[in-house]
Amino acid sequence: MSKSIEEILAACDHTLLRPDATWDEIRELCDDAVRFNTASVCIPPCYVKRAKDYLGFRKKICTVIGFPNGTSTTPVKVFETENALEFGADEIDMVINIGKLKAHEYDRVMAEIKAVKSVCGSHILKVIIETCLLTEEEKAIMCGIVTEVGADYIKTSTGFSTGGATVYDIALFKEHLGPNVKIKAAGGITTLEDAETFLELGADRLGTSRIVKLVKEAEERKILKEES
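Residues numbered from 1 in each chain as written. Predicted model: local features only at pLDDT ≥ 70, side-chain atom pairs only at ≥ 80, totals over all residues. Heavy atoms only, no water.

Right, let's talk about the overall build of the protein chain for a bit. Summing up its helical and strand segments, the protein chain has 10 helices and 8 strands in all. A compact globule built from 228 residues would reach a C-alpha radius of gyration of about 17 Å, and the protein chain, at 17 Å, matches this within 12%. Principal-axis analysis of the C-alpha atoms gives the protein chain an extent of 65 × 35 × 30 Å. Of the contacts made within the protein chain by residues no fewer than 6 positions apart, 68% connect residues no fewer than 24 positions apart. Of the accessible surface of the protein chain, which amounts to about 10600 Å², a share of 52% is contributed by carbon and sulfur atoms. Separation of charge centres in the protein chain, based on 29 positive and 37 negative side chains, amounts to 3 Å. (Helix = DSSP H or I, 4+ residues; strand = E, 2+ residues; numbered from the N terminus. Rg over C-alpha atoms; globule rule 2.2 N^0.38 Å. Contact = heavy atoms within 4.5 Å. Areas by Shrake-Rupley, 256 points an atom, 1.4 Å probe, with all protein chains shown as cover. Lys, Arg positive; Asp, Glu negative; His and termini not counted. Charge placed at Lys NZ, Arg CZ, Asp CG, Glu CD.)

Glancing now at the nonpolar core. Residues Ile43, Ile113, Leu125, Val127, Met142, Ile154 and Leu206 are the most contacted members of the largest nonpolar core, which totals 62 residues. For this core, the element with the highest residue contribution is helix H2 (residues 23-36), accounting for 6 residues. (Core = buried A, V, L, I, M, F, W, Y, C linked by side-chain atoms within 4.5 Å. Buried < 20%, exposed > 50% of the residue type's maximum accessible area, 1.4 Å probe, protein only.)

With that settled, the discussion passes to the environment of Ser118. Assignment of secondary structure puts Ser118 in helix H6 (residues 106-120). Residue class for Ser118 comes out exposed when judged on its relative accessible area of 57%. For Ser118 and Val78, which are 40 residues apart along the polypeptide, the C-alpha to C-alpha distance reads 9.0 Å. Among the polar contacts listed, one links the side chain of Ser118 to the backbone oxygen of Ala115, at a separation of 2.7 Å. (Polar contact = N/O pair within 3.5 Å; in protein donor to acceptor, adjacent residues only side chain to side chain.)

With an omega of 0 degrees, the peptide bond between Phe67 and Pro68 qualifies as cis. In this model, Asn37 sits at a positive phi of 55 degrees, which is unusual for a non-glycine residue. Considering the arrangement of structural elements, one finds Asn37 in the loop between H2 and strand S2 (40-43). Located in the positive-phi region is Glu130, a residue other than glycine, with phi close to 55 degrees. Turning to its location among the elements, Glu130 is positioned in the loop between strand S5 (124-128) and helix H7 (136-149).

This brings us to the packing of aromatic side chains. Per the counting criterion, the structure on display carries 3 aromatic pairs. Considering the side-chain rings of Trp23 and Tyr54, the 6.0 Å spacing of their centres and the 90 degrees angle between planes classify their relative orientation as edge-to-face. In this pair, Trp23 sits in helix H2 while Tyr54 sits in helix H3 (residues 48-55), placing the two residues 31 residues apart along the sequence. The structure contains a cluster of three or more aromatic residues connected by ring pairs, namely Trp23, Tyr47 and Tyr54. The ring of Tyr54 carries the charged tip of Arg58 above its face, separated from the ring centre by 5.5 Å. Over the face of the ring belonging to Tyr153 we find Lys126, whose NZ or CZ atom lies 5.9 Å from the ring centre. (Phe/Tyr/Trp six-rings, centres within 6.5 Å; stacked < 30°, edge-to-face > 60°. Lys NZ or Arg CZ within 6 Å of the ring centre and 35° of its normal.)

Turning our eyes to something else, we now look at helix H4 (residues 74-86). End to end, H4 covers 18 Å across 13 residues, agreeing with the expected 18 Å (1.5 Å per residue, within 8%). Three or more residues of H4 are buried, namely Lys77, Val78, Thr81, Ala84 and Leu85. Down the axis of H4, the sector holding all buried residues measures 130 degrees, keeping them to one side. Looking at H4, the residues exposed on the side facing more than 90 degrees away from the buried face are Pro75, Phe79 and Glu86. If you follow the buried residues of H4, they end up packed against H3, strand S3 (61-65), strand S4 (91-95) and H6. Just past H4, the residue Gly88 takes up positive phi, approximately 120 degrees. (Expected span 1.5 Å × (residues − 1). Arc of directions from axis to C-beta.)

Okay, the pairing of strand S8 (residues 205-208) next. Because side chains alternate across S8, one face comprises the buried residues Arg205 and Gly207, and the other comprises Leu206 and Thr208, equally buried. Summarising the sheet, strand S1 (residues 12-15) and S8 pair through 3 bridges and their orientation is parallel. Counterpart to His14 in the pairing with S8 is Thr208. With 3 bridges joining them, strand S7 (residues 182-186) and S8 adopt parallel strand pairing. (Pairing = 2+ DSSP bridges.)

For the rest of this paragraph, the subject is the sheet that holds S4. Taken together, 8 strands build a closed barrel; the order of strands is S1-S2-S3-S4-S5-S6-S7-S8 and the barrel is parallel. Across the sheet, the axes of successive neighbouring strands diverge by a mean angle of 25 degrees, strand direction being ignored. Strands S2 and S3 of the sheet are contacted by H3, whose axis makes an angle of about 175 degrees with S3. (Axes fitted to C-alpha atoms, helices over the stretch in contact; angles between N-to-C directions.)

In structure tokens form, the structure reads like this:
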């Protein structure tokens, strides 16, 4: 591998967004994020305050807005963002309104991202466009919109639709994004090889729950081997 395990982990938003996730699971996620020095924990909004109280400033907290379908109204997304930041979120991953994009209502899609961006201020905003539901043209259009709005990242996927990040989509992003926008690949990143590939292609962050688990499992196997 050309990238070290530490470099891969440092790019991961260690993620748990299952609807049945419990606080005990979120707390373990936080502990692992600190232990393995991931970029952040990415958790449901309902756990942001509790996680902030637990973590303090030991790890950045990322949460999701309009998740997973993106169909909340703009005022609701704005309130969700304000509420999350008030409770201690450091980074916001928002889902666009995909139906409005498909209806060519580009001004409305842009206005919504701008509204959330204005609330985020200096906090990082990542825009989830759900690439598996979009045409190549729609992906390119969203690259232009995200660039123009000045969001910090474009993100491939929620991980809750019909597909996740692909090598092709990262290449497309690199072709159409402005230099001010970074890339987060998310969904379906299940191996260290996957993670390394996306980073080498130009992704700056990875949304994944699996990478830390793989490293923990490898450590446990090593311990068992040493004890045997």
